[in-house]
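# Descriptive structure summary
Okay, here's what each chain looks like letter by letter:
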Amino acid sequence: MGRLLTSPERREWPGGAVRSAFAIGDGYVLTAWHCVRDIGGRSAELWLRLRAGAGSDGYVDIPVRHSATDPDPQLDVTLLQFDEARGDQKLRDRLDEVALPLGVEVDAHDEVRVGGFPAWNTARHCVILGGKVDSVHAPFGTVQTIRVHMPPMAANQPETPHGMSGGPLLRTGPDRRELVVGLVRSFPRGRDGAALGGEVLCCRMADVRQVFAPVDDAIRRNVAAAHMAAVGSVELSDDVVQAYWPALRAGGFQRPAHWDVEHLDKLRQEVDADSGGPSRARNTVAALHAAVRAKAVLTAIGGPRLPLGQLATIYHMEVGDCVGCHSADAMLVRAADADQQLLSENAMGALSCLARFVIGAAAVLGANPAEHRTLRSWLESLGHQPADAGQLYLHRRTSGGWLLLDFGDEDPAEVPGWPTGITWSYFGAGEDRPPETVDSDGTEDGLRRALAQVLRAVPPAYPLVVDLALPHAKLRAGIEHWPVREVDRELRALSDDCRPRLRWSRRLYSEQHRNQLVNRAAQGQWHSEPPTFVDDMLADHHRLRDWARTDQHHAWLLGGCDPRDPARTDPLRVLLQEGYGFVVWYPDRLDPDRRREIGAAVAGVAVPARRNLIPDQLPRFTGFRPAVIWDDPAGRGHFKLPGQLIGEPIQDRRGTGEHRSGE
């Protein structure tokens, strides 16, 4: 950065006028418009005084003039450029050598630095002062600015930012590179001319890029360079190498030293030269190359924070089958391979499979393609329209809801009857609703009316998924199949389109049972097949309980028995008491044919996705419907189960007047 001077002011050194400006590359310079307006505006003959070189105490003056683009008085920014009529190539090269990289990402509370030439500082060259962002939406006239608190300007003998106008606001990103995210424009003054409260206002580079095309170009160049640097440091995981290298080795190709962009690009060239046209090897290497580029983007938006099961569920929704994929890298390659197939068939849609998968993850993480530069740059490099990417992101981000219905705790006296109320909680992409209770009269008809009332009160959402937390005695009552939800003047069951899952309500009220569930869920191994229970074990609750206490690896159970048999201890209750949360329980013993059909359906679900998807993939048997108890302590999909829902029995909530309806 440097001092912006007029021709007469060049004779004054080191004192004299102080105005700040900085180079951005391609011969362009940014500064505050009021700095130039006050010394002749667009007709001023200007010079940018820079340090002559690294470690030098001398200086060099670079001639600059106004660019073809008009200044923006509202933002208080103007764009200058190198004046070829007054300077040679050596001066132009020096200007570009000191260009600062531009960025746009800055948030409140970020640690930042401001550079420039404060009037009360006698330094011969620029001064850098530290600060913290108070707000990135501070109003100033008709625009929003970045308000920065600068402790050096709020001291007993403060610096004054006078002379720093036009200087850069610098922020260090996650990659440890310092980028210019704003430009100093003004400051509130106290009586002594110092910055009032140590605050400085800066225009946002995100706004400046909308006015000046060279600024937008500079930001794009920097994002692309950062993306390529990130890509260069990323390699595909070992499971991907082991899965795809044997086929390439059989083709006689050399194994890459690293499975990164650079080496995969060389391998792609080798394969292209060998095949001379479309081939399986060529498509495989192209998929690997595309996947490692996408991995850098997925990493940049926070992909490593997502559990593998959630990524598998996203893949299932956006792309399809990912059976055999045991890592995020494997899913990326599978999606890229699907794209190669679609390209060969000329069947590619508006967004590639790879893009849909990454955008689906971005929606869960809140990384908006319109705001996340690395993501946006990658999508544009694939040739995708920003509008298509934004539409999918917003749809995934804002649609859908989860309804949790609590029918109350177990009755200590075990008196037969129906729950006397429903407490419902709604979690949506746009809004959550605090728990509300609807009372019932303790009859089946009364509970049906209460459930219908709840469903009428739920905010509209599509898709809406529903969990029913029920006492043990009602888990097999078929409440999820009651026609109580009105759709287009017809009554439908929750099982028609809400993908209902059951929970044992005791776990909402008992910490002991809740901890048992959490521990059992953490031990479960989803690649294991559920055990086959023999009738003798189901009839002997002591034997069943002993088995459950030694079992440490079954993640889910599959079984059934007739609950109406008075001579049999209910084995489902024993299994629930022992902490099993994922249970598919049929109204009678499963015959081998049905069990094989269920096993085949589950085998078609990728292991990491089974915890989320098994209930949706179960085959339907006419007149033989199971109780699908899927008591996931984490919640449902990307909706988390908040701890504050754990509460007192419904009966104890009556009369409080809190969040009540139906009275």
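Residues numbered from 1 in each chain as written. Predicted model: local features only at pLDDT ≥ 70, side-chain atom pairs only at ≥ 80, totals over all residues. Heavy atoms only, no water.

### A word on the overall build of the chain
Short version of the rule: A run of DSSP states H or I qualifies as a helix once it reaches four residues; a run of E qualifies as a strand once it reaches two. Both are numbered from the N-terminal end. For every residue, the accessible area (1.4 Å probe, protein chains only) is compared with the maximum for its type, and the residue is labelled buried under 20%, exposed over 50%, or partly exposed between those bounds. The contact criterion used is simple: two residues touch if any of their non-hydrogen atoms lie within 4.5 Å. In short, Shrake-Rupley with a 1.4 Å probe defines the accessible areas, and a residue's cover is counted only from the protein chains shown.
For the chain, the helix and strand inventory stands at 22 helices and 25 strands. Sorting the 663 residues of the chain into buried and exposed places 53% on the buried side. For the chain, the share of sequence-separated contacts (at least 6 apart) that also reach a separation of at least 24 residues comes to 68%. Element-wise, carbon and sulfur atoms account for 48% of the exposed surface of the chain, whose accessible area totals about 30400 Å².

### Considering the pairing of strand S6 (residues 77-82)
Our working definition: If DSSP finds at least two bridges between two strands, the strands pair.
The buried fraction of S6 is high, at 6 of 6 residues. Strand direction decides the pairing type here: strand S3 (residues 28-32) and S6, joined by 5 bridges, are antiparallel. Of the residues in S6, the one forming a bridge with Ala32 is Val77. By the bridge criterion, 3 bridges tie strand S5 (residues 59-66) to S6 in an arrangement that is antiparallel.

### Describing the sheet that holds S5
Strand pairing in a sheet takes place through backbone hydrogen bonds and is either antiparallel or parallel in direction. Just so we agree on the cut-off: Axis lines are fitted to C-alpha atoms, over the contacting stretch for helices. Their N-to-C directions set the angle, which ranges from 0 to 180 degrees.
Sheet architecture is closed into a barrel: 6 strands sit in the order S1-S2-S3-S6-S5-S4, paired in antiparallel fashion. Taking the axes of each pair of neighbouring strands and ignoring which way they run, one obtains an average angle of 45° across the sheet. Lying over the sheet, helix H2 (residues 89-97) contacts strand S2 (20-25), S3, strand S4 (46-51), S5 and S6, oriented at roughly 90° with respect to S5.

### Points about a negative patch on the surface
Applicable threshold: By definition, no residue in a patch forms a salt bridge, and every one has over 30% relative accessible area; like charges are joined within 9 Å, nonpolar side chains (Val, Leu, Ile, Met, Phe, Trp, Tyr) within 5 Å. Think of a salt bridge as a Lys or Arg side-chain nitrogen and an Asp or Glu carboxyl oxygen that are within 4 Å of each other. Positive charge is attributed to Lys and Arg, negative charge to Asp and Glu, and no charge count is given to His or to the chain ends. By convention, charge coordinates are those of NZ in Lys, CZ in Arg, CG in Asp, or CD in Glu.
The grouping of Asp535, Asp536, Asp540 and Asp546 at the surface amounts to a negative patch. Among the secondary structure elements, Asp535 is positioned in helix H17 (residues 535-539). By relative accessible area, Asp535 is classed as partly exposed at 39%.

### Focus: the sheet that holds strand S9 (residues 143-149)
Spatial strand order, S7-S8-S9-S12-S11-S10: 6 strands in a closed barrel with antiparallel pairing. Mean inter-strand twist for the sheet, computed between neighbouring axes without regard to direction, equals 45°. In the sheet, strand S7 (residues 111-116) pairs with strand S10 (residues 168-172) via 3 bridges, with the strands oriented antiparallel. Each residue of the ladder has a partner; that of Arg113, found in S10, is Leu170.

### Here's the deal with the pairing of strand S21 (residues 582-586)
Of all 5 residues that make up S21, 5 are buried, and the element is covered over most of its length. Pairing analysis gives 4 bridges linking strand S20 (residues 557-560) to S21, with the strands arranged parallel. Bridging across to S21, Leu558 finds its partner in Val584.

### Examining the pattern of salt bridges
Enumeration according to the criterion identifies 42 salt bridges in this entry. Through salt bridges with shared partners, one network takes in Asp467, Arg503, Arg507, Asp631 and Arg636.

### Comments concerning the packing of aromatic side chains
As a reminder, the rule being used: Only Phe, Tyr and Trp rings take part, Trp by its six-membered ring, and two of them pair if their centres are within 6.5 Å. Stacked means planes under 30 degrees apart, edge-to-face means over 60, and tilted covers everything else. Two thresholds decide whether a charge sits over a ring: the Lys NZ or Arg CZ must be within 6 Å of the ring centre and within 35 degrees of the ring normal.
As enumerated under the stated definition, the model contains 14 aromatic pairs in all. Aromatic pair Trp245 and Trp259: ring centres 6.1 Å apart, planes at 80°, arrangement edge-to-face. Note that Trp245 is positioned in helix H5 (residues 238-250) and Trp259 in the loop between H5 and helix H6 (261-275), a separation of 14 residues in sequence. The buried category is assigned to Trp245, whose relative accessible area is 6%. The exposure class assigned to Trp259 is buried, which follows from its relative accessible area of 5%. Their ring planes at 50° and their centres at 6.2 Å tell us that Tyr586 and Phe621 sit as a pair that is tilted. You can see Tyr586 sitting in strand S21 and its partner Phe621 sitting in the loop between helix H21 (610-617) and strand S22 (627-630), a full 35 residues away along the chain. Owing to a relative accessible area of 11%, Phe621 belongs among the buried residues under this scheme. Lying over the aromatic face of Phe117, Arg3 brings its terminal NZ or CZ to 6.0 Å of the ring centre. For Arg448, the ring lying beneath its charged end belongs to Trp482, and the centroid distance is 4.3 Å.

### Here we look at the packing of helix H10 (residues 353-365) against helix H11 (residues 373-381)
When two helices pack together, their arrangement is given by the angle between the helix axes and by the axis-to-axis distance. The test is simple: Roughly parallel covers angles under 35 degrees, roughly antiparallel covers those over 145, roughly perpendicular covers 65 to 115, and oblique covers all other angles. By definition, any crossing whose near helix is turned counterclockwise from its far helix by less than a right angle is left-handed, and any crossing with a clockwise turn is right-handed.
In the contact formed by H10 and H11, the axes pass within 11 Å of each other and the chain directions differ by 165°. The pairing of H10 with H11 is recorded here as roughly antiparallel in orientation. Taken as a pair, H10 and H11 cross one another with a handedness that is left-handed. Taking contact as the criterion, the partners of Leu354, Ala355, Val358, Ile359 and Ala362 in H10 are, on H11, Leu375, Trp378 and Leu379.

### A word on the state of the cysteines
Spelled out, the test is: Any cysteine sulfur atom paired with another within 2.5 Å is treated as part of a disulfide.
Scanning the model with the defined rule gives 0 disulfides in all. There is no disulfide at Cys202, and the cysteine sulfur nearest it, in Cys203, is 7.3 Å away.

### Structural notes on the side chain of Asp570
Here is the rule: Identification of polar contacts relies on pairs of N or O atoms within 3.5 Å, with a donor-acceptor requirement for protein atoms, meaning one able to donate a hydrogen and the other able to accept it, and with residues adjacent in sequence counted only if both atoms are side-chain atoms.
Among the structural elements, Asp570 can be located in the loop between S20 and helix H19 (571-577). Here Arg476 takes part through its side chain, which lies 2.5 Å from a polar atom of the side chain of Asp570. In this structure the side chain of Asp570 is engaged in a polar contact, spanning 3.1 Å, whose partner is the backbone nitrogen of Leu572. With sequence-adjacent residues up to four places away left out, Asp570 is seen in contact with His472 and Arg476.

### Brief notes about the side chain of Arg94
Of note, Arg94 is situated in helix H2. On the basis of relative accessible area, Arg94 is assigned to the buried category, the value being 16%. Excluding residues within four positions of it along the chain, Arg94 makes contact with Arg51, Ala52, Gly53, Ala54, Val60 and Ile62.

### Description of the nonpolar core
Among soluble globular proteins, nonpolar side chains are generally buried collectively. Quick reminder of the rule: For the purposes of this section, nonpolar cores are sets of buried Ala, Val, Leu, Ile, Met, Phe, Trp, Tyr and Cys residues that join through side-chain atoms within 4.5 Å.
Ranked by internal contacts, the top residues of the largest apolar core, which has 59 residues, are Leu236, Leu288, Ile301, Leu332, Val358, Leu375 and Trp378. Sorting the residues of this core by element identifies H5, H6, helix H7 (280-300), helix H8 (308-318), helix H9 (328-344), H10, H11 and helix H12 (386-398) as the ones contributing at least two each. Among the elements that line this core, the one with the most residues is H10, at 10 residues. With 44 residues, the next largest nonpolar core counts Ala450, Leu468, Leu576 and Trp585 among its residues.

### Re unusual backbone geometry
With an omega of -5°, the peptide bond between Tyr462 and Pro463 qualifies as cis. Positionally, Pro463 belongs in the loop between helix H13 (444-457) and strand S16 (464-470). Phi angles above zero are rare outside glycine, and Asp488 is one such case at about 55°. If you trace the backbone, Asp488 turns up in the loop between strand S17 (483-487) and strand S18 (490-493). Notably, Arg489 is not glycine yet its phi reads approximately 65°, a positive angle. Inspection of the secondary structure assignment puts Arg489 in the loop between S17 and S18. By relative accessible area, which is 81% here, Arg489 ends up exposed.

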